[in-house]
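Okay, here's what each chain looks like letter by letter:
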Amino acid sequence: MPRSKKFRRARLIVIVLAVVLIAGLGGGGYWAVHTVRASFPELTGTVRVSGMAAPVDVKRDDKGVPQLYADTSEDLFRAQGYVQAQDRFWEMDVRRHITAGRLSEMFGSGQVEKDAFLRTMGWRQVAQQEYDTVLSAETKKYLQAYADGVNAWLAEHPGGAGASLEYALLGAVTSGYKPEKWTPVDSVAWLKAMAWNLSGNLTEEVDRSLLAQNFQQEEIEQLYPAYPFDRNGTIVKAGSLAADGTYRPAGDTASAGATTTGTTGTAGSGGNSTAGTTQSRTATQAALKGIADKSASLPLLLGPDGQGIGSNSWVVSGSHTTTGKPLLANDPHLGPGMPSVWYQMGLHCRTVGPKCGFDVAGFTFAGTPGVVIGHNKDIAWGFTNLGADVTDLYLEKVTGPDTYLRDGKEVKFQTRKETIKVAGGEDRTITVRTTVNGPLISDQSSEQQKVGTYAPAGNAAPDRASGYGVALQWTALTPGRTMDAVFELDRAADWKDFQKAAADFAVPAQNLIYADTKGNIGYQTPGVIPVRGKGDGRYPAPGWDSAYDWKKEPIPFKSLPYSLNPAAGYIVTANQAVAGSGYPYTLTTDWEYGTRAKEVTDQIEGKLKNGGKISPDDMQAMQLDNTSVMARTLVPLLLKVKISDPYVREAQDLLKDWNYHQDADSAAAAYYNGVWRALLTLAFGQKLPASLRAEGDCLLVRQKSNSTLPDDAVNGEVKPVTECGTRKPDQAQPDGGDRWTEVVRTQLAQPDSKWWNYIDSDHLPQHGLNNLLAQAMKNARQDLTAYLGKSISTWSWGRLHTLTLKENTLGSDDSSIASGFVHRLLNRGPYRLSGGSAAVNAAGWNAAAGYQVDWIPSMRMVVDLSDFDASRWINVGGASGHAFHSNYNDQTELWAKGELLPWAYSADAVTKATEHTMTLTSG
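Residues numbered from 1 in each chain as written. Predicted model: local features only at pLDDT ≥ 70, side-chain atom pairs only at ≥ 80, totals over all residues. Heavy atoms only, no water.

Enquirer: Got a minute to help me understand the nonpolar core in this structure?
Expert: By size, the foremost hydrophobic cluster in this structure holds 237 residues, and its most contacted members are I604, Y671, Y672 and L920. For Y672, the residues in contact, after removing those within four places along its chain, are S628, M630, A631, L634, V635, L638, L655 and W658. Among the nonpolar cores identified, the runner-up in size contains nine residues, and V398, Y404, F413 and A541 belong to it. (Core = buried A, V, L, I, M, F, W, Y, C linked by side-chain atoms within 4.5 Å. Buried < 20%, exposed > 50% of the residue type's maximum accessible area, 1.4 Å probe, protein only. Contact = heavy atoms within 4.5 Å.)

Here's what the structure looks like:
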């Protein structure tokens, strides 16, 4: 007889209380100790693993980071699977359920809508197609070996018994769940989750569409200003396409040992694209809001998408370094969580040759073989998000259950049935309908098919009737060879090999930087990037018109920009524009605005002034630069405002002589960011539609027609109504990121801009920049008093700007397994952080929601090509995914302080650092 929900809850409470005893008192009974500690991995001795051709040594340092030594490539990846399962199998299991749309099997009916959305996109099906049809035989062999290693560990923990504390918690409320064997496709599918959160401008496309209900196009464009090419520059300084379409960099100097194939690339701006028109604007507020909500709710372990999800990387030539060889730095910005999205390890062949081709170390993902970012004995590489526009939404005129309109004719959907199994409930069956432009994702939105109600679709559009459907076109829904590229990068010996690997790196499109031991530095853009017919991807396109289709072939890889040994002697990538307006292809029109890139470039050039050299310490210090570039412009204006209230003037005085550094202990940084948040709310947040504002952000508003910015934006005869925001806080606008700094910068040149009209705290209309700045300082004083107390002597940025590492895999607090109490046991923090959203030290926060940190430098590394053992790295969290393990969170305090750990690579250095050795032998 099935256990009652009441019984299962009672058992959960018992387990939790036992955990509390262990965590808080260091004691507890035998059963409690066993529940928590039984899953901790074996670190020493000999373990039999079926299939091993020869013993594999697993050497772990004091942080639990494993370095593996094998005689064959298959043994190496088999061991990698076993070791990652030891540390992170629960996380791996949840991840594969995410990508397959099977969360309901673990967590019950609360996950059905997420599963339906993911099933509609079909990540798992595409991963299966990749494995079946496009990946190389060698890659499949490595994937299978990895899966065999995972399953060897799983065989020791049948049904998840003793696998982790989370399985005990899950079993208390969802009895009967048992993890399946790992498959190669489970590994491939995680790349789709990576790609989704790094997929370019989908968020911006939706947001612009939602703005169209209230704003004129000119007003929307003011909120998405042009990229400041003259001020912040591009990654590739110049270049052109040869007659055969091959990209030719200008001013680069190839060095001995480097082979330039002319087949690399980077992104351009504008080019031959067509500006967005009203015909291709958004499907209705309701439809796109539903899609945005589904996207935002996906627990992808990568955190919020959109602004801030970027990264920094730069590489400096040996002619400019104290070591005489290149130095390379990288810190990807992702959402925080426990465990970390990254997993550190080394994969070493005892003898590198035909049987065993790897000697690589770096960061990878639990559940994925190989190393994603790092170095081998010849080269080092890093990633930042290119931000290429690889997703488009298409409005579709649905004419019946089975048909939609296409060039004036009714065309049948491709359909498939998906059955979602639900733990503790009945199965759900959905029908997925797919157009030539991709799956109809609006079918799984909360508004079903009632979309397009308000879409200004133009005179050429068909009758909207009850609305338009919305389809998703995305490069990741076509099988690609990114998994091949991972192994190719891991074995690359020179620039030619690196480019070959980049050519296979399909999604997500990334900026790739490069350095090698021969002294070469380079940049390459990989990725499948579409060529559009009509339209530029800024607004949803009319799916009924084939003129807006993507071309059959994407941008040729040989036409993508690249740079090898540029004359400047360094390359900086921080999500800025890749190439200038002369580049003939459109990679995106939604770049980050280059603030971080310019700051890093200025620091490098400052160090090199008068013949200076850059050291590894300098590289590390640059990663910690927390300067608010916007404050340099805004603070002088704030100090000019005459404040009569001494209570507010006391806070204003904090900004005098402030150095614009957002240190955790800075009171001035706290107040400035409070003012910045208040400014954004007054100037923009008050005017945005509820679908973009944060939940709980309620305003007294007047009815709006086609514009929120008439000459008198706040007067009128219409009775005001209360309107509350509906968007999840970490997705709300204005978020205060790099785009908003550019918006404010451009509007500051117009003191009488209509954006400076606002409603004051007495609900009265006010006008003008100076008045708004005064009101922002007053509001910030009140806001920080509420948060930090009346005495400014107690204020500090770190008290506001905190990071909590949240356990992501158990779902939200109202799910069938998780509760706030359970999460508090597994979460870590809060940590008081320096930095800010548009700073190089990108501890990002969403100004529409509060001051808490939403995205972070998820790891940091500095690679020294003169001596790999002198390289440095740090992860957030730790190697282990087991709560209360000593390596669960032993790197975060160091990371928060900006420290890096020694990164042992050579056999001698690894042996010296080894604390535990385990040997895996044939079963």
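Enquirer: Please clarify how the state of the cysteines should be interpreted in this entry.
Expert: By definition, a disulfide links the sulfur atoms of two cysteine residues through a covalent bond. Within the structure shown, the criterion is met by two disulfides. At a sulfur-sulfur separation of 2.0 Å, the disulfide partner of C349 is C356. Between C349 and C356 the sulfur-sulfur dihedral comes to about -75 degrees; the bridge is accordingly left-handed. One disulfide bridge connects C698 with C724, the sulfur atoms lying 1.9 Å from each other. On the S-S bond that ties C698 to C724, the torsion sits near 105 degrees, and the link is right-handed. Taken as a pair, C698 in strand β24 (residues 698–701) and C724 in strand β25 (residues 721–724) lie far apart in primary sequence, 26 residues in all. Overall, the relative accessible area of 39% leaves C698 in the partly exposed class. We classify C724 as partly exposed; its relative accessible area is 33%. Should the bonded cysteines of the protein be numbered as they appear in the sequence, the pairing reads 1-2, 3-4. (Disulfide = S-S within 2.5 Å. Helix = DSSP H or I, 4+ residues; strand = E, 2+ residues; numbered from the N terminus.)

Enquirer: What is the right way to look at the sheet that holds strand β1 (residues 45–49) in this model?
Expert: Hydrogen bonding along the main chain pairs the strands of a sheet, whether they run parallel or antiparallel. If you trace the eleven strands from one edge of the open sheet to the other, you get β1-β35-β2-β3-β8-β9-β10-β11-β19-β20-β22, paired in mixed fashion. Each having just a single partner strand, β1 and β22 (562–564) make up the two edges of the open sheet. Strand-to-strand, the axes of this sheet are offset by a mean angle of 15 degrees, without reference to chain direction. As paired strands, strand β20 (residues 521–524) and β22 are joined by three bridges and run antiparallel to one another. Bridge assignment links Q524 to a residue of β22, and that residue is Y562. Together, β1, β2 (56–60), β3 (66–70), β8 (343–349), β9 (359–364) and β35 (916–922) form the strand contacts of helix α3 (residues 73–100), whose direction differs from that of β8 by roughly 155 degrees. The sheet contacts of helix α14 (residues 482–491) involve β9, β10 (373–376) and β11 (379–385), and relative to β11 the element is tilted by about 140 degrees. (Pairing = 2+ DSSP bridges. Axes fitted to C-alpha atoms, helices over the stretch in contact; angles between N-to-C directions.)

Enquirer: What should I look at first to understand the sheet that holds strand β17 (residues 438–439) in this one?
Expert: Spatial strand order, β15-β16-β17: three strands in an open sheet with antiparallel pairing. Of all strands in the sheet, those with a lone pairing partner are β15 (414–420) and β17, marking the two edges. Sitting on the sheet, helix α5 (residues 112–121) touches β15, β16 (428–435) and β17, and the angle it makes with β15 is about 145 degrees.

Enquirer: Would you take a moment to explain the pattern of salt bridges for this structure?
Expert: Pairing between side chains becomes possible if they bear opposite charge and their charged atoms approach one another. Scanning the entire structure with this criterion turns up 40 salt bridges. Close ionic contact of D57 with R350 constitutes a salt bridge, the shortest N to O distance being 3.2 Å. Of this pair, D57 sits in strand β2 while R350 sits in the loop between β8 and β9; the two residues are 293 residues apart in sequence, bridging distant segments of the chain. Taking the relative accessible area as the measure of exposure, D57 reaches 22% and is therefore partly exposed. (Salt bridge = Lys/Arg side-chain N within 4 Å of Asp/Glu carboxyl O.)

Enquirer: Got a minute to help me understand helix α10 (residues 202–211) in this structure?
Expert: Since one α-helical turn is 3.6 residues long, residues separated by three or four positions face the same way. Buried residues dominate α10, accounting for ten of its ten residues. Of all the positions in α10, only L202, T203, E204, E205, V206, D207, R208, S209, L210 and L211 are classed as buried.

Enquirer: How do you make sense of the pairing of strand β32 (residues 859–864) when you look at a structure like this?
Expert: Side-chain positions along a regular strand alternate between the two faces of the sheet. The buried fraction of β32 is high, at six of six residues. Of the two faces of β32, the one carrying M859, M861 and V863 and the one carrying R860, V862 and D864 are both buried. With four bridges joining them, strand β7 (residues 327–334) and β32 adopt antiparallel strand pairing. From the neighbouring strand, L328 faces β32, where its bridge partner is V863. Bridge count for β32 against strand β33 (residues 872–875) is four bridges, and the pairing is antiparallel. Along β33, the bridge assignment pairs M859 with N875.

Enquirer: How do you make sense of unusual backbone geometry when you look at a structure like this?
Expert: Across residues other than glycine, the phi torsion is negative in most instances, and most of the peptide bonds are trans. Residues M338 and P339 are joined by a peptide bond in cis, for which omega reads -5 degrees. Along the chain, P339 falls in the loop between β7 and β8. Here the bond from G829 into P830 is cis, since omega is 5 degrees, no more than 30 degrees from zero. By the secondary structure assignment, P830 is in strand β29 (residues 828–832). Phi at N610 is positive, roughly 60 degrees, even though this residue is not glycine.

Enquirer: How should the environment of D207 be read in this particular structure?
Expert: Structurally, D207 is set in helix α10. Taking the C-alpha atoms as reference points, D207 and K289, separated by 82 residues in sequence, lie 8.9 Å from one another. Excluding residues within four positions of it along the chain, D207 makes contact with Y224, L692, R727 and Q733. Among the polar contacts listed, one links the side chain of D207 to the side chain of R727, at a separation of 2.8 Å. (Polar contact = N/O pair within 3.5 Å; in protein donor to acceptor, adjacent residues only side chain to side chain.)

Honestly, that's just the spatial picture; any functional story needs more than this.
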